[in-house]
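Summary of structural features
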Amino acid sequence: MNKFFLNLGKQPLANNYLTKYQSKQPMYLLKIFFNTKTKLVSISKRIPSKKMFNNKYPYKSSMSKTMQKSFFKLSKEIKKRFNPKLLLEIGSNDGSLLTNFDRSKCIGIEPCSNLAKLTQKKGYQTYDVYWNFKTVKKLKKKFKNIDLIYSANTITHISNLDDVFKSISYILSDNGIIIIEDPSLLECLKKVSYDQFYNEHIYVFSAISLKNILKKYSLEIFDIKNLSTHGGSLRYYIKRKNNKKLIISSSVKKQLFKEKKYGLNNYRTYKNFSNSAEKSKESLNKILTNIKNDNKKIIGYGATAKATTVLNYCNIDNNFIDFFVDTTPDKKNRFMPGKKIKILKYNQNILKNVDYIFLGAWNFRNEIFKKEKKFIKKGGKFITHIPFPKII
Ligand code: TYD
């Protein structure tokens, strides 16, 4: 049974950066639920994929050094530990992972054609299609089996999980490996990161819920790694149950224990999280109001999807934040969805007369602090809402 625990109010599509201030955009009520049987956390309203993942998707994983490093490290590990003859990536974005592999040894699946094109241009086989059984049936004819299926921050964006795993199981070789990487529900709750929820993030997985889902497909997790990316993620290594060559690492038991101990099995934990989110909202508004009463200038740094959830949930508009800066070319001169705060192209001069920076990309806090030493030296301050609103 799905039990409601958090209402984030009316939210726009988080990656729908407006080209004009006047542009109209649909808003959807964003409510979050906990499934008492599978322990899966999900949003209620499902938006058709085509509305979110199309030829205009702005997010490019290559824009961040942190993500590039993470992909490079993982590719080295995959080659050494599993040495797959053929690797397939679901949601290959602009090819940040694939380009670490030999062109003849990998395939990308990326429905956002603007991103798929970028990978194709580099000479990598990339299909601009959605991951579903129809796609997989065609792939199976051409490639037979796949030894390693990788997917980062994509599976949780697909509504029909049954179709996702049925398709994976259909094409995976007998001794094949699946590696899935997504934000960790435990970290999300610990950090009061209610901004992990937006319309694209249909699910936020925990090891507990993923384990429960995989059972049906005779798949099981055999290793788990904690990652710092996207504010705290988990990388799950999955195999077929009847593949006895791989031993289940103690990391799996450890993560399941941590999650149980924190209460991810209990509805009450989620109600507490909801109360914390409400308090976080009040506190952030107080901090911003006090700064504005002092006539100081606040800007946002990192026009993230997460920031869109924060702005719309906390009702923060350009009375508080003058503009956002971001390095992504496709976000330049656009407006934050819903609250219509302008996004300017990042350059260091832009921070000259700024007193406070709201960290939209709080997950890159260290990378940003390193970059903005000059701003900090001059007395500039940061505002973060994670894990609880404060000035740094
Ligand atoms: P991301 O972490 O993917 O967040 P979300 O999934 O919530 O959209 O996005 C990070 C954004 O921050 C991206 O638009 C690039 C931007 N960014 C900067 O502008 N400057 C930086 O130094 C870094 C690290 C990121």
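Above this text sits the structure in question.
Since the structure is predicted, the reported quantities are computational estimates derived from the model, not experimental observations.

Topic: the pattern of salt bridges
- Taken as a whole and assessed by the stated rule, the structure comprises 9 salt bridges.
- Between Asp-330 and Lys-60 there is a salt bridge, with the nearest N and O atoms lying 3.4 Å from each other. Taken together, the residues Asp-330 in the loop between β13 (324-326) and β14 (343-345) and Lys-60 in the loop between α1 (49-52) and α2 (65-81) connect sequence positions 270 residues apart.
- Two residues, Glu-181 and Arg-235, come together in a salt bridge whose shortest N-O distance is 2.9 Å. Placement of Glu-181 in strand β8 (residues 172-183) and of Arg-235 in strand β11 (residues 233-240) is noted, with a sequence separation of 54 residues between them. Across the pair, Arg-235 and Glu-181 agree in class, each one buried.
- In this structure, a network of salt bridges that share partners links the residues Glu-77, Arg-81, Asp-223 and Lys-225.

A closer look at the packing of helix α4 (residues 133-143) against helix α5 (residues 161-171)
- At a closest axis distance of 9 Å, the pairing of α4 and α5 adopts a crossing angle of 10 degrees. Overall, the two elements α4 and α5 adopt an arrangement that is roughly parallel. Here α4 contributes Phe-133, Val-136, Lys-137, Leu-139 and Lys-140 to the contact with α5, which in turn contributes Asp-163, Lys-166, Ser-167, Tyr-170 and Ile-171.

Focus on the packing of helix α7 (residues 207-214) against helix α8 (residues 250-262)
- Their axes nearest at 9 Å, the elements α7 and α8 cross at an angle of 120 degrees. Across from Ala-207, Ile-208 and Lys-211 in α7, the residues of α8 making contact are Gln-255, Leu-256, Glu-259 and Lys-260.

Some thoughts on the nonpolar core
- With 81 residues, the main nonpolar core has Trp-131, Phe-165, Phe-197, Tyr-236 and Phe-324 as its most contacted residues.
- A per-element tally of this core places helix α9 (residues 267-293) first, with 7 residues.
- Not counting chain neighbours up to four residues away, the residues in contact with Trp-131 comprise Leu-88, Ile-90, Ile-109, Val-136, Leu-139, Ile-158, Asp-163, Val-164, Ser-167, Ile-168 and Ile-171.
- Grouped together as the second largest cluster of nonpolar side chains are 18 residues, Met-67, Phe-71, Cys-106 and Tyr-237 included.

Considering the sheet that holds strand β2 (residues 28-35)
- Across the sheet, 4 strands lie side by side as β1-β2-β3-β9; this open sheet has antiparallel pairing. Looking at the sheet topology across the chains shown, the edges are occupied by β1 (2-11) and β9 (203-204).
- Looking at chain direction, strand β3 (residues 41-43) and β9 are connected through 2 bridges and run antiparallel. Residue pairing in the sheet places Ser-42 in a bridge with Tyr-203 of β9.

With respect to the site of the ligand
- Contacts to the ligand come from 18 residues, most closely from Tyr-59, Asp-326, Lys-331, Asn-363 and Lys-371.
- Backbone polar atom of Ala-305 to an oxygen atom of the ligand: 2.9 Å apart, as the coordinates give it.
- Between an oxygen atom of the ligand and a side-chain N or O atom of Lys-331, the distance comes to 2.6 Å.
- When the ligand sits alone it has 560 Å² of accessible area, and the protein chains cover 95% of it.
- Going through the elements one at a time, α10 (305-314) and α11 (365-371) are the ones with two or more residues in the shell around the ligand.
- Looking at the shell around the ligand element by element, the count peaks at 3 residues for α11.
- When grouped by side-chain class, the residues that make up the shell around the ligand number 7 nonpolar, 6 polar and 5 charged.

Quick notes on the sheet that holds strand β10 (residues 219-227)
- One open sheet accounts for 7 strands, arranged β6-β5-β4-β7-β8-β11-β10; its pairing is mixed. Here the strands that pair on one side only, and so sit at the sheet edges, are β6 (125-127) and β10. For this sheet, the mean angle separating the axes of adjacent strands, direction not counted, is 20 degrees.
- Where strand β4 (residues 87-90) and strand β7 (residues 146-152) come together, 3 bridges link them in parallel fashion.

Section: the side chain of Glu-181
- The class of Glu-181 is buried, set by a relative accessible area of 1%.
- Separated by 2.6 Å, the side chains of Glu-181 and Tyr-150 make a polar contact.
- Contact partners of Glu-181, with chain neighbours within four places excluded, come to Ser-70, Leu-74, Tyr-150, Ser-151, Ala-152, Asn-153, Leu-227, Thr-229, Leu-234 and Arg-235.

Things to note about the state of the cysteines
- Scanning the model with the defined rule gives 0 disulfides in all.
- Cys-106 forms no disulfide, and the closest cysteine sulfur to it belongs to Cys-112, at a distance of 19 Å.
- Looking at Cys-188, it has no disulfide partner, and the nearest cysteine sulfur is the one in Cys-314, 14 Å off.
- With a relative accessible area of 2%, Cys-188 lands in the buried category.

So, a positive patch on the surface
- A grouping of Lys-50, Lys-134, Lys-137, Lys-138, Lys-141 and Lys-166 is seen on the molecular surface, where their side chains present a positively charged patch.
- The element contributing the most residues to the positive patch is α4, with 4 residues.
- Looking at where Lys-138 falls in the secondary structure, it is placed in helix α4.

So, the side chain of Asn-199
- Within the secondary structure layout, Asn-199 lies in the loop between α6 (185-190) and β9.
- Residue classification places Asn-199 among the buried positions, given a relative accessible area of 2%.
- Discounting chain neighbours no more than four positions away, the residues touching Asn-199 are Gln-11, Pro-12, Leu-13, Tyr-28, Leu-30, Ile-43, Lys-45, Ile-47 and Met-52.

The rules we used
- Residues numbered from 1 in each chain as written.
- Predicted model: local features only at pLDDT ≥ 70, side-chain atom pairs only at ≥ 80, totals over all residues.
- Heavy atoms only, no water.
- Salt bridge = Lys/Arg side-chain N within 4 Å of Asp/Glu carboxyl O.
- Helix = DSSP H or I, 4+ residues; strand = E, 2+ residues; numbered from the N terminus.
- Buried < 20%, exposed > 50% of the residue type's maximum accessible area, 1.4 Å probe, protein only.
- Axes fitted to C-alpha atoms, helices over the stretch in contact; angles between N-to-C directions.
- Parallel < 35°, antiparallel > 145°, perpendicular 65-115°, else oblique.
- Contact = heavy atoms within 4.5 Å.
- Core = buried A, V, L, I, M, F, W, Y, C linked by side-chain atoms within 4.5 Å.
- Pairing = 2+ DSSP bridges.
- Near = heavy atom within 4 Å.
- Polar contact = N/O pair within 3.5 Å; in protein donor to acceptor, adjacent residues only side chain to side chain.
- Areas by Shrake-Rupley, 256 points an atom, 1.4 Å probe, with all protein chains shown as cover.
- Nonpolar A, V, L, I, M, F, W, Y, C, P; charged D, E, K, R; others polar.
- Disulfide = S-S within 2.5 Å.
- Patch = residues over 30% accessible without salt bridge, like charges linked within 9 Å, V, L, I, M, F, W, Y side chains within 5 Å.
- Lys, Arg positive; Asp, Glu negative; His and termini not counted.
- Charge placed at Lys NZ, Arg CZ, Asp CG, Glu CD.

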